[in-house]
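Here's the letter readout for the chains.
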Protein chains: 2
Amino acid sequence: MTTDPDQSKHKTVVPHPAGISRDERWCLRGQRGGTIWLTGLSGTGKSTIAAALEATLIREGLDAVWLDGDNLRMALCADLGFSEANRHENVRRIGEVARLFASSGTVVIASVISPFRADRERTRQAHQSDGIPFVEVLVEAPIEILRQRDPKGLYRRSLAGELRGLTGVDAPYERPLRAEIDLRTDLCGVSDAVARLRSVAWGLARPDSAVNQTDELARGGRP
Amino acid sequence: MTTDPDQSKHKTVVPHPAGISRDERWCLRGQRGGTIWLTGLSGTGKSTIAAALEATLIREGLDAVWLDGDNLRMALCADLGFSEANRHENVRRIGEVARLFASSGTVVIASVISPFRADRERTRQAHQSDGIPFVEVLVEAPIEILRQRDPKGLYRRSLAGELRGLTGVDAPYERPLRAEIDLRTDLCGVSDAVARLRSVAWGLARPDSAVNQTDELARGGRP
């Protein structure tokens, strides 16, 4: 007999089936969903690329949404700090929201430092086991470049001893072992990065679209 | 000088502006976003109505998404139980996700018991202060009817002493003071409820649409 409400969850939560299948939903919406997940250190350009990509896709007629780590820390994840446990939970929540959007037929562009490999893998698995594509994009540049850019002043403050736990400096960043795409933002500009990911997004959303096929050919056909 | 990472959040989180305004996004997507929030006791029919409404809207060409309290408790809110603090947090998170979807131009149908008035009001405020419409719908039926329906067996288990903290029985439910719509599901069927909310959804998404105007006239012109 369970009397503690917190212990009886598995008996009180009964999932309710949808009134429409995902296939029908994606078909009627005219596009498929999927998540493009940008991971990397602060200052690599994740948010800049993601914001520009979202705008580009929407103006081209795709339904896309940008989920940004910093922006969500002021809303959905406002209760979380930067302890390791909180960083795990931050990525878990953003991954779940990404899955909800992608499941509904939206192309998600997530820009989240997401320093731990296991968290990103869990997000990938949650997508793939739900039949939703997940594309991991490593956004990187040499640390010297990041220190020069330092758009938020974090590297300066870290160097001055005013900030502890900066990812890649005195907090771990686990580089992806099998990211689908590696963007070196010291070697390519924002527009190049957006062009590369734009093609990926169209490939997720409308696998048979002319836009996608043209871009595939231009890239040498790698899916 | 702040050295504890958890205390330095306000100095490390820097929001990044979007590359496209909401107006342009909504215009290009051909619809506006908004949230229809169904609150009420277990067994009133919230999920049944919401699932049918979502399917109806998508088949009519609107982009809609259903966020269900029980379904999300198995994913985004899987870490939460049913303590009062956890119930607050559950509603807060679903409200934030609703706002993200609505902001992107999707009509959200949320079905969540959401027993506390303050939580629903906070969700309403978060939407409205962000320029996003929020429509609160009270879904209700007399408790005797709910005990008869009892689709999850919760009322039976509560009566047998096997379950504590059932909303409306031995846990509080604060009835809305100013819900825009009151659906008495002992008096109207699912299709009637869906028809009523369908008109609301079209009114949110495409205020000038013929569908909406026709329904407005049929209803006597009440917005």
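Residues numbered from 1 in each chain as written. Chains lettered and ligands numbered in written order. Predicted model: local features only at pLDDT ≥ 70, side-chain atom pairs only at ≥ 80, totals over all residues. Heavy atoms only, no water.

**Considerations on the confidence of the model for chain A**
Residue and element names in this part refer to chain A. Rule in force here: For every residue, the pLDDT score states the predictor's confidence, bounded by 0 at the bottom and 100 at the top. Residue contacts follow a heavy-atom distance rule, with two residues in contact if any of their heavy atoms lie within 4.5 Å.
Looking at chain A, the pLDDT average stands at 90 and 89% of residues meet or exceed 70. Long-range and interchain partners of residues 217-223, a stretch whose pLDDT sits below 50, account for seven contacts in this model, where long-range means more than four residues apart. Reported confidence for the predicted complex is 0.90 by ipTM and 0.90 by pTM.

**A look at the packing of helix H5 (residues 84-103) of chain B against helix H6 (residues 117-128) of chain B**
Residue and element names in this part refer to chain B. Threshold: Between the N-to-C directions of two axes lies an angle of 0 to 180 degrees, each axis being a line fitted to C-alpha atoms and, for a helix, fitted only over the stretch in contact. Elements are defined by DSSP. Helices are runs of H or I of four residues or more, strands are runs of E of two residues or more, and each kind is numbered from the N terminus. When describing relative orientation, an angle under 35 degrees is termed roughly parallel and one over 145 degrees roughly antiparallel, while 65 to 115 degrees is termed roughly perpendicular and anything else oblique. Note: crossing handedness is left-handed where the near helix turns anticlockwise from the far helix by less than a right angle, and right-handed where it turns clockwise. Classification used: nonpolar for Ala, Val, Leu, Ile, Met, Phe, Trp, Tyr, Cys and Pro, charged for Asp, Glu, Lys and Arg, polar for all others including Gly.
Where H5 contacts H6, the axes come no closer than 9 Å and their chain directions differ by 20°. If you check the angle between H5 and H6, you find them roughly parallel. When the axes of H5 and H6 are compared, the crossing they make is right-handed. On the side of H5, the interface is formed by Arg87, His88, Val91, Gly95, Ala98 and Arg99, while H6 contributes Asp119, Thr123, Ala126 and His127. The residue makeup of the contact of H5 with H6, split by class, is three nonpolar, four polar and three charged.

**A closer look at helix H5 (residues 84-103) of chain A**
All names here are of chain A. Rule in force here: Here, expected helix span is obtained from the residue count minus one, scaled by 1.5 Å. Residue burial is assigned from relative accessible area. The probe radius is 1.4 Å, only protein chains are included, and a residue is buried under 20% of its type maximum, exposed over 50%, and partly exposed in between.
Over its 20 residues, H5 runs 28 Å from end to end, which matches the ideal 28 Å to within 8%, given 1.5 Å per residue. Burial analysis of H5 places 14 of its 20 residues in the buried class, which makes it a mostly covered element. Where H5 terminates, the next one or two residues include Gly105, which has phi positive at roughly 105°.

**Considering the nonpolar core**
For the record, the criterion: What is meant by a nonpolar core is a set of buried Ala, Val, Leu, Ile, Met, Phe, Trp, Tyr and Cys residues, joined one to another through side-chain atoms within 4.5 Å.
In terms of nonpolar packing, the biggest core is built from 36 residues, with Leu67 of chain A together with Leu67 of chain B touching the most fellow members. Of all the secondary structure elements, the ones that give two or more residues to this core are strand E2 (64-68), H5 and strand E3 (107-111) of chain A together with strand E2 (64-68), H5 and strand E3 (107-111) of chain B. Not counting residues within four places of it along the chain, the set of residues in contact with Leu67 of chain A comprises Leu72, Ile94, Val97, Ala98, Phe101, Val108, Ile109, Ala110 and Ser111 of chain A together with Leu100 of chain B.

**Topic: the packing of aromatic side chains**
As a reminder, the rule being used: Working definition: a ring pair exists when centres of Phe, Tyr or Trp rings (six-membered ring for Trp) sit within 6.5 Å. Plane angles under 30 degrees give stacked, over 60 give edge-to-face, the rest tilted.
Under the criterion given, the structure shown has three aromatic pairs over all chains. Centre to centre, the rings of Phe101 of chain A and Phe101 of chain B are 3.6 Å apart; their planes meet at 15°, and the pair counts as stacked. Taken as a pair, Phe101 of chain A in helix H5 and Phe101 of chain B in helix H5 lie in two separate chains rather than in one. Each member of the pair, Phe101 of chain A together with Phe101 of chain B, is buried. Each ring, one from Trp37 of chain B and one from Phe134 of chain B, has its centre 6.0 Å from the other, and the planes form 40°; the classification is tilted. Of this pair, Trp37 of chain B sits in strand E1 (residues 34-39) while Phe134 of chain B is found in strand E4 (residues 134-140), placing the two residues 97 residues apart along the sequence.

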